[in-house]
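What follows is the residue order along each chain.
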Amino acid sequence: MLRGIDVSAYQSSTYDTDGLSFVFMKATEGRSYVNPKLKAQTERARDAGLVVGFYHFLWPGNLTAQAEYFVSKTPEKKGDILAVDWETNGEGTHASNSEKDRFIRKLKELRPDSRVVLYCNRHFWLTVDTTSYAGDGLWIADYVSAGKPRIQAEWRFHQYTDDPVDTNVADFASEAALRKWAGGA
């Protein structure tokens, strides 16, 4: 298993990269928020030679506008991964299954050379999701032993703790395998 983290504006732009193979950064949310630390956090990951991913916190409605906003705010570099963060928002609502699926498909249309994955927690995957569509792979959050999420579906990334930061593993045999997968969209 490869180790990685995900960061947002809540984390430092000088996060520790020792022992990591990948980093996901929150880029955008809805149609108006951009992580103010995105540029510095991206540079930190690239300077460390890590595989880079960006995620968008999905809100219901205006899916094309959200997808266009997300890709307009993230660098376009071969081998970068895009992710949709599908969970309950601050208003207690969430995008529907069809909205989640349309958003992923729109990202794949806008960035055909990028892998696109779905991030959601175990509860969403087991009780909210009805389509099992995760684009190019599932990034599942389930706070149990690393690499042992309690789901039957195949997954690519597993967020297993948020202490002290959101910590993940990736199900690839090597960093070279992850890089090949990420660059082979």
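Just above, that's the structure.
Residues numbered from 1 in each chain as written. Predicted model: local features only at pLDDT ≥ 70, side-chain atom pairs only at ≥ 80, totals over all residues. Heavy atoms only, no water.

Colleague: Before we go on, may I ask you to explain the overall build of the protein chain in this structure?
Modeller: Along the protein chain, the regular secondary structure elements total five helices and nine strands. When the helices and strands of the protein chain are listed from N to C terminus, the series reads β-β-β-α-β-α-β-α-β-α-β-β-β-α. By the burial criterion, 52% of the 185 residues in the protein chain qualify as buried. The contacts of the protein chain with a sequence gap of at least 6 include a subset with a gap of at least 24, amounting to 59%. (Helix = DSSP H or I, 4+ residues; strand = E, 2+ residues; numbered from the N terminus. Buried < 20%, exposed > 50% of the residue type's maximum accessible area, 1.4 Å probe, protein only. Contact = heavy atoms within 4.5 Å.)

Colleague: Even after reading the chapter, I still don't get the packing of aromatic side chains, so can you show me in this structure?
Modeller: Geometry of an aromatic ring pair is reported as the spacing of the ring centres plus the angle between the planes. Per the counting criterion, the structure on display carries 11 aromatic pairs. Ring centres of F172 and W181 lie 5.3 Å apart, and the angle between their planes is 50°; on these two criteria the pair is classed as tilted. Put simply, the rings of F22, F24, Y55, Y119, W139, F157, F172 and W181 touch in pairs and so form one group of aromatic residues. In this arrangement the basic side chain of K100 is found over the ring face of W86, its NZ or CZ atom lying 5.0 Å from the centre. Here R105 stacks its cationic end above the ring of Y133, 4.1 Å away from the centre of that ring. (Phe/Tyr/Trp six-rings, centres within 6.5 Å; stacked < 30°, edge-to-face > 60°. Lys NZ or Arg CZ within 6 Å of the ring centre and 35° of its normal.)

Colleague: Would you take a moment to explain the pairing of strand 6 (residues 115-121) for this structure?
Modeller: Consecutive side chains along a regular strand alternate between the two faces of the sheet. Extensive coverage of strand 6 is indicated by the burial of six of its seven residues. As defined by bridge partners, strand 5 (residues 81-85) adjoins strand 6 across five bridges and the pair is classed as parallel. Bridge pairing in strand 6 places V84 opposite L118. A crossover connection joins strand 5 to the parallel strand 6 through helix 3 (residues 97-110); in handedness this β-α-β unit is right-handed. (Pairing = 2+ DSSP bridges. Right-handed = clockwise from strand over helix to strand, strands pointing away.)

Colleague: Would you mind showing me how to read helix 2 (residues 63-73) here?
Modeller: In an α-helix, one turn spans 3.6 residues; hence positions three or four apart end up facing the same way. Along helix 2, the residues that are buried comprise L63, Q66, A67, Y69, F70 and V71. Along its buried surface, helix 2 packs onto strand 2 (22-29), strand 3 (33-34), strand 4 (51-57), strand 5 and helix 3.

Colleague: Would you mind showing me how to read the packing of helix 2 against helix 3 here?
Modeller: Each pair of packed helices can be summarised by the angle the axes make with each other and by the distance between the axes. Between helix 2 and helix 3, the shortest axis-to-axis distance is 9 Å and the interhelical angle comes to 45°. Here helix 3 runs oblique to helix 2, going by the angle between their axes. Note on packing geometry: the crossing formed by helix 2 with helix 3 is right-handed. On helix 3, the residues that touch L63, T64, Q66, A67, E68, F70 and V71 of helix 2 are E99, R102, F103, K106, L107 and L110. (Axes fitted to C-alpha atoms, helices over the stretch in contact; angles between N-to-C directions. Parallel < 35°, antiparallel > 145°, perpendicular 65-115°, else oblique. Left-handed = near helix turned anticlockwise from the far one by under 90°.)

Colleague: Where do I start with the side chain of S21 in this structure?
Modeller: For S21, the location among the structural elements is in the loop between strand 1 (2-7) and strand 2. There is a polar contact of 3.1 Å between the side chain of S21 and the side chain of E175. Excluding residues that lie within four positions of it along the chain, S21 makes contacts with L2, R3, L50, V51, E175 and L178. (Polar contact = N/O pair within 3.5 Å; in protein donor to acceptor, adjacent residues only side chain to side chain.)

Colleague: Explain the nonpolar core here, please?
Modeller: Considering soluble globular proteins, one finds that nonpolar side chains tend to be buried as a cluster. Counting residues in hydrophobic clusters, the biggest one holds 37 residues, and the most contacted among them are V23, M25, F54, W86, L118, C120 and L138. Per-element accounting of this core gives the leading share, four residues, to helix 2. In terms of nonpolar packing, the next biggest core, distinct from the first, is built from 17 residues, I81, A83, W139 and W181 among them. (Core = buried A, V, L, I, M, F, W, Y, C linked by side-chain atoms within 4.5 Å.)

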